[in-house]
Amino acid sequence: RTLSFVEFLEMLGRCADCTHIPTSEDIEEVGADGVMDYEVKLKEVDPDTLSRLTARRPSATMMAPKSRPLAEKLDKFLRMLIGRIAILY
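Overview of the structure. (Residues numbered from 1 in each chain as written. Predicted model: local features only at pLDDT ≥ 70, side-chain atom pairs only at ≥ 80, totals over all residues. Heavy atoms only, no water.)

Here we look at the overall build of the protein
Logical step 1: When helices and strands are counted, the protein shows five helices and zero strands.
Logical step 2: When the helices and strands of the protein are read in sequence order from the N terminus, they spell out α-α-α-α-α.
Logical step 3: Taken along its principal axes, the extent of the C-alpha atoms in the protein is 45 × 35 × 20 Å.
Logical step 4: Here the protein, with 89 residues, has 28% of them falling under the buried criterion. (Helix = DSSP H or I, 4+ residues; strand = E, 2+ residues; numbered from the N terminus. Buried < 20%, exposed > 50% of the residue type's maximum accessible area, 1.4 Å probe, protein only.)

Printed below as a string of structure tokens:
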């Protein structure tokens, strides 16, 4: 059985909800232009900043109260996903 379109959309939302997605403040802090540039810039920060920025947020677990709207996380998640696919192909 395959996913219906609605199930596919739900899967994307759940993946975005449970994936470590940097906040806009995190992206700005490392001087990145966007979420894909963030991963490059993250390699240039000091170990303490790296540890803080890559720590799993309590809101990333399945039933935890969320600290950001899903729309914000989904937008960044899709940009990361499409960017990684573009790099590979």
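From this point, the narrative continues.
Overview of the state of the cysteines
Logical step 1: In this structure the tally under the stated criterion is zero disulfides.
Logical step 2: Here C15 stays free of any disulfide, with the sulfur of C18 as its closest cysteine sulfur at 7.6 Å.
Logical step 3: What makes C15 partly exposed here is its relative accessible area of 29%. (Disulfide = S-S within 2.5 Å.)

With respect to empty space enclosed by the protein
Logical step 1: Enumeration over the complete set of coordinates arrives at one cavity of 30 Å³ or more.
Logical step 2: There is about 90 Å³ of room inside the largest cavity.
Logical step 3: Taken together, D17, T19, H20, I21, R56, R57, S59, A60, S67, R68 and K73 make up the full set of residues lining the largest cavity.
Logical step 4: When grouped by side-chain class, the residues that make up the lining of the largest cavity number two nonpolar, four polar and five charged. (1 Å grid on protein atoms, 1.4 Å probe; cavity = no way out; pocket = protein on both sides within 12 Å on 5 of 7 lines; lining within 4 Å. Points joined across faces, edges and corners; volume = space filled by probe spheres on them. Nonpolar A, V, L, I, M, F, W, Y, C, P; charged D, E, K, R; others polar.)

Quick look at the side chain of K76
Logical step 1: Note on placement: K76 falls in helix α5 (residues 70-88).
Logical step 2: Excluding anything up to four places from it in sequence, K76 contacts I21, P22, T23, S24, I27 and V35. (Contact = heavy atoms within 4.5 Å.)

A closer look at a nonpolar patch on the surface
Logical step 1: On the surface, L3, F5, F8, L9 and M11 cluster together into a nonpolar patch covering about 490 Å² of accessible area.
Logical step 2: Note that L9 resides in helix α1 (residues 5-18).
Logical step 3: When its relative accessible area of 42% is taken as the criterion, L9 is described as partly exposed. (Patch = residues over 30% accessible without salt bridge, like charges linked within 9 Å, V, L, I, M, F, W, Y side chains within 5 Å. Areas by Shrake-Rupley, 256 points an atom, 1.4 Å probe, with all protein chains shown as cover. Salt bridge = Lys/Arg side-chain N within 4 Å of Asp/Glu carboxyl O.)

Looking at the environment of C15
Logical step 1: As for its position among the elements, C15 is in helix α1.
Logical step 2: Spatially, the C-alpha atoms of C15 and L74 are 8.5 Å apart, while their sequence positions differ by 59 residues.

Here we look at the pattern of salt bridges
Logical step 1: The tally for this structure, following the rule as stated, stands at ten salt bridges.
Logical step 2: The partner of E7 in a salt bridge is R1, and the shortest N-O contact between them spans 2.7 Å.
Logical step 3: Residue R1 is classed as exposed on the basis of its relative accessible area, which comes to 86%.
Logical step 4: Of the charged contacts in the structure, one is a salt bridge between R14 and E10, with a shortest N-O distance of 2.8 Å. Linking R14 with E10, this pair stays in helix α1, spanning four residues, or about one helical turn.
Logical step 5: Overall, the relative accessible area of 45% leaves R14 in the partly exposed class.
Logical step 6: On the accessibility criterion, E10 (41% relative accessible area) is partly exposed.
Logical step 7: What you see here is one network of salt bridges that share partners, running through D17, K66 and K73.

Worth remembering: the numbers are spatial, not functional.
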